[in-house]
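Next come the chains, spelled out residue by residue.
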Amino acid sequence: MAKIASAFVSRLVIIVPYAWLLFFFLIPFFIVFRISLSQTAVAMPPYTPVFDLADGLSGILEGMREFSLDNYVWLTEDVLYFNAYISSLIIAAVSTFLTLLIGYPIAYGMAQAPRSVRPTLLMLVILPFWTSFLIRVYAWIAILKPEGLLNQFLITIGVIDQPLIILNTNWAIYIGIVYSYLPFMVLPIYSALEKMDQTLTEAAQDLGCTPITAFWRVTFPLSLAGVVAGCLLVFIPAVGEFVIPDLLGGSETLMIGKTLWNEFNANRDWPVSSAVATLLLLILVLPIVYFQNVQAKADSEGR
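Residues numbered from 1 in each chain as written. Predicted model: local features only at pLDDT ≥ 70, side-chain atom pairs only at ≥ 80, totals over all residues. Heavy atoms only, no water.

Novice: Is there a simple way to explain the nonpolar core in this structure?
Specialist: Nonpolar side chains in soluble globular proteins tend to be buried together. Among the nonpolar cores identified, the biggest contains 52 residues, and L100, Y104, I177, I189, I244, L248 and V276 are the most heavily contacted of them. Within the residue set of this core, elements represented by two or more residues are helix 3 (70-77), helix 4 (79-112), helix 6 (133-144), helix 8 (170-195), helix 11 (224-239), helix 12 (243-248), helix 13 (256-266) and helix 14 (270-302). Apart from residues no more than four positions distant in its own chain, Y104 is found in contact with T99, I189, L193, F215, T219, F220, S223 and V227. (Core = buried A, V, L, I, M, F, W, Y, C linked by side-chain atoms within 4.5 Å. Buried < 20%, exposed > 50% of the residue type's maximum accessible area, 1.4 Å probe, protein only. Helix = DSSP H or I, 4+ residues; strand = E, 2+ residues; numbered from the N terminus. Contact = heavy atoms within 4.5 Å.)

Structure follows, in structure tokens:
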């Protein structure tokens with residue numbers, strides 16, 4: 001009986017992640033992909049064909065015959081979507097790089113801190129999550145606007161004479177993304193650095209390496225898995241970010257998240273919106289698949 005229970009638990013552990021992936025990723029993706037192959041219609045929902053499983057196999061096949069790739073062709077013909085994708089990728093890449101520059105020293109300092117202090121530092125990193133994401137973004141509006149706290153402080157200490165125009169620019173978007181996603185960069189890097197054997201750097205210095213050389217030859221390579229994980233955790237959601245560009249960016253800010261929202265809500269063009277979302281998902285899945293392949297290859301070589 002115990003063996004049966006153990007086998008059931010082991011199978012359940014395997015089944016649960018796949019069931020989660022099926023119901024919360026594959027099925028919604030299939031629905032969005034199906035809409036992307038449909039045509040816009042003045043109806044509710046605003047697309048056609050719409051088929052129901054109750055129509056039977058013949059009804060489903062009839063509806064599938066009306067599917068087309070016109071929406072994907074439209075995306076290649078309209079430069080707006082291409083520019084939105086490129087702009088989103090550039091903003092996300094720059095934001096990820098800035099987050100790494102700030103997050104790595106923080107994670108390194110946490111890993112080098114005494115063990116009794118690390119839980120407190122870890123709590124301070126995740127403390128912003130205790131506040132609403134939207135409230136934190138609105139707070140940056142109060143800080144970055146021309147009459148905001150940042151400009152008042154800089155004018156008071158005599159650094160500037162006129163207020164800086166930061167709000168409604170790409171710099172405001174960078175600040176918002178870096179602030180919002182910084183914990184996602186710090187935590188994986190900290191986890192990698194904390195597990196590292198510190199005697200390796202000591203041995204490198206005993207062999208003649210300077211502290212900086214030991215860091216680049218020993219510490220950083222060993223923390224590379226955490227760096228890659230942190231970059232993916234920041235880059236992927238930053239590409240499709242909507243709230244931060246909408247509130248902190250200007251009206252001319254072009255990102256795929258805003259374009260997607262306009263198509264869904266303002267234009268009510270669900271098929272084109274679904275095509276945009278499908279391509280965005282494919283763009284984001286590629287780095288994940290690449291990272292998994294590299295990680296699997298590294299694990300196999302390590303064995």
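Novice: Sorry, what's going on with the packing of helix 4 against helix 13 here?
Specialist: When two helices pack together, their arrangement is given by the angle between the helix axes and the distance between those axes. Two numbers describe how helix 4 lies on helix 13: the axes approach to 8 Å, and their chain directions differ by 140 degrees. When the axis of helix 4 is compared with that of helix 13, the two are oblique. Of the residues in helix 13, those touching helix 4 at Y81, A84, Y85 and S88 are I256, T259 and E263. (Axes fitted to C-alpha atoms, helices over the stretch in contact; angles between N-to-C directions. Parallel < 35°, antiparallel > 145°, perpendicular 65-115°, else oblique.)

Novice: Would you explain the UniProt feature "transmembrane region" (unreviewed entry) in the protein chain in this entry?
Specialist: Cross-referencing UniProt, the feature "transmembrane region" (unreviewed entry) maps to residues 12-37, 84-108, 120-143, 171-193, 214-239 and 270-291 in the present numbering. What you have in residues 84-108 is 100% helix and 0% strand, and the ends, taken at the C-alpha atoms, are 35 Å apart. For residues 120-143, the end-to-end C-alpha separation is 27 Å, with 75% helix and 0% strand making up the annotated structure. (UniProt positions renumbered as here; feature names shortened; annotations may be inferred.)

Novice: So what exactly am I meant to see when it comes to the side chain of N71 here?
Specialist: With respect to the helices and strands, N71 occurs in helix 3. Among the polar contacts made by the side chain of N71, one reaches the main-chain carbonyl oxygen of S38 at a distance of 2.8 Å. (Polar contact = N/O pair within 3.5 Å; in protein donor to acceptor, adjacent residues only side chain to side chain.)

Novice: Teacher, can you tell me more about a nonpolar patch on the surface here?
Specialist: A cluster of nonpolar side chains, contributed by I14, Y18, W20, L21, L22, F23, F24, F25, L26, I27, F30 and I31, occupies part of the molecular surface with about 1300 Å² of accessible area. Within the fold, L22 resides in helix 1 (residues 2-36). (Patch = residues over 30% accessible without salt bridge, like charges linked within 9 Å, V, L, I, M, F, W, Y side chains within 5 Å. Areas by Shrake-Rupley, 256 points an atom, 1.4 Å probe, with all protein chains shown as cover. Salt bridge = Lys/Arg side-chain N within 4 Å of Asp/Glu carboxyl O.)

Novice: Sorry, what's going on with the confidence of the model for the protein chain here?
Specialist: Low-pLDDT portions of the prediction should not be read for the details of their coordinates. Considering every residue of the protein chain, the mean pLDDT works out to 85; 90% of them sit at 70 or more. Taken element by element, the predicted model of the protein chain shows its lowest mean pLDDT in helix 2 (residues 56-64) (67) and its highest in helix 8 (94). (pLDDT = per-residue confidence, 0-100.)

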